[in-house]
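One-letter residues, chain by chain:
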Amino acid sequence: TAEAVRWVAFGGNGSAGTYATACVVESCDFSNITFGANQRSPQHGITPATTRGAVIRNNTFTSFAGQHIYVDSYKNFDLRIENNTATLCPQFISFVTQNWVRLTGNPAFAPLISSHVNVTVQGNTVGLAGPNSFYYDYNQAPYNATFFLYQYDRDVTALYNPTLIPGFKNINIQGNTI
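Residues numbered from 1 in each chain as written. Predicted model: local features only at pLDDT ≥ 70, side-chain atom pairs only at ≥ 80, totals over all residues. Heavy atoms only, no water.

## Focus: the overall build of the protein
Counting its secondary structure elements, the protein contains one helix and 17 strands. Looking at the protein as a whole, 43% of its 178 residues qualify as buried. Put simply, 75% of the contacts in the protein that link residues at least 6 apart link residues at least 24 apart. When the accessible surface of the protein is totalled, it reaches about 8500 Å², and 50% of it is carbon and sulfur. (Helix = DSSP H or I, 4+ residues; strand = E, 2+ residues; numbered from the N terminus. Buried < 20%, exposed > 50% of the residue type's maximum accessible area, 1.4 Å probe, protein only. Contact = heavy atoms within 4.5 Å. Areas by Shrake-Rupley, 256 points an atom, 1.4 Å probe, with all protein chains shown as cover.)

In structure tokens form, the structure reads like this:
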């Protein structure tokens, strides 16, 4: 399995704790991006990592076969996802908080544990693709389309404690048309 295909990835240096600030991804067009039968990894449209005050707005996703906005590593604070449009969308937003140390067995992966704090999702217009439309891997059965998917690993270890490192805090989803 290859690494995921990311179209726009931005942010700071998570290992050093250096945050990118005031980043904006705006007015981009992600159209007719397919997931081929030989592809073994998901498509990620926009991936912020280690940001403060990032804005994802006024982007268009048309027949983009993947996760439109995706985060699984590092910490993001005050992220705004607003006024984007998606049609035939298999998965609009996917936020994952997982215990990378437990998954890899390597303590050096501790900085990768993601945290999503003060996130606003508003004014987006999303037409979901429907049942059995999201392929994470063609070797697996497809999933149903989702507007917002979050995965939260609650396993506590010496280097990961969800009460000290919030996976999700103050997530505001309002005024979207789905």
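## Thoughts on the packing of aromatic side chains
Geometry of an aromatic ring pair is reported as the spacing of the ring centres plus the angle between the planes. Inspection of every chain in the model, using the stated rule, returns eleven aromatic pairs. Each ring, one from F95 and one from F148, has its centre 5.6 Å from the other, and the planes form 85 degrees; the classification is edge-to-face. Here the residue F95 occupies a position in strand β13 (residues 91-97), and F148 occupies one in strand β16 (residues 146-152), the gap between them amounting to 53 residues. Note on F148: relative accessible area 23%, which makes it partly exposed. Put simply, the rings of F30, F61, F64, F92 and F147 touch in pairs and so form one group of aromatic residues. Sitting over the ring of Y19, R52 keeps its end group 4.3 Å from the ring centre. Over the face of the ring belonging to F77 we find R52, whose NZ or CZ atom lies 4.3 Å from the ring centre. (Phe/Tyr/Trp six-rings, centres within 6.5 Å; stacked < 30°, edge-to-face > 60°. Lys NZ or Arg CZ within 6 Å of the ring centre and 35° of its normal.)

## With respect to the environment of H68
Here H68 shows up in strand β9 (residues 67-71). Leave out the neighbours within four places in its chain, and H68 touches G45, I46, F61, A86, C89, P90, Q91 and F92. A distance of 3.0 Å separates a polar side-chain atom of H68 from the backbone oxygen of G66. (Polar contact = N/O pair within 3.5 Å; in protein donor to acceptor, adjacent residues only side chain to side chain.)

## Looking at the nonpolar core
If you look at the biggest cluster of nonpolar residues, it comprises 24 residues, and the most contacted ones within it are I46, I81 and F92. Sorting the residues of this core by element identifies β4 (29-33), β8 (60-64), β9, β12 (85-89), β13 and β14 (115-122) as the ones contributing at least two each. Ranked by the residues each element gives to this core, the list is headed by β13, at three residues. Not counting residues up to four positions away in its chain, the partners in contact with F92 are H68, I69, I81, N84, A86, N124, V126, T146 and F147. In terms of nonpolar packing, the next biggest core, distinct from the first, is built from six residues, A49, W100, L112 and I113 among them. (Core = buried A, V, L, I, M, F, W, Y, C linked by side-chain atoms within 4.5 Å.)

## Considerations on the sheet that holds β4
Pairing within the open sheet is parallel, and its four strands lie in the order β4-β8-β12-β15. Unpaired on one side and paired on the other, β4 and β15 (125-128) mark the two borders of the sheet. Looking at each pair of strands side by side, their axes are set apart by 5 degrees on average, direction ignored. Note: β4 against β8, four bridges, orientation parallel. Bridge pairing in β8 places S31 opposite T62. (Pairing = 2+ DSSP bridges. Axes fitted to C-alpha atoms, helices over the stretch in contact; angles between N-to-C directions.)

## Section: the side chain of N124
Turning to its location among the elements, N124 is positioned in the loop between β14 and β15. A polar atom in the side chain of N124 sits 3.1 Å from the backbone oxygen of I81. Among the polar contacts made by the side chain of N124, one reaches the main-chain amide nitrogen of N83 at a distance of 3.3 Å. Sequence-distant contacts of N124, that is, excluding residues within four places in its chain, are made with I81, E82, N83, N84, F92, G175, N176 and T177.

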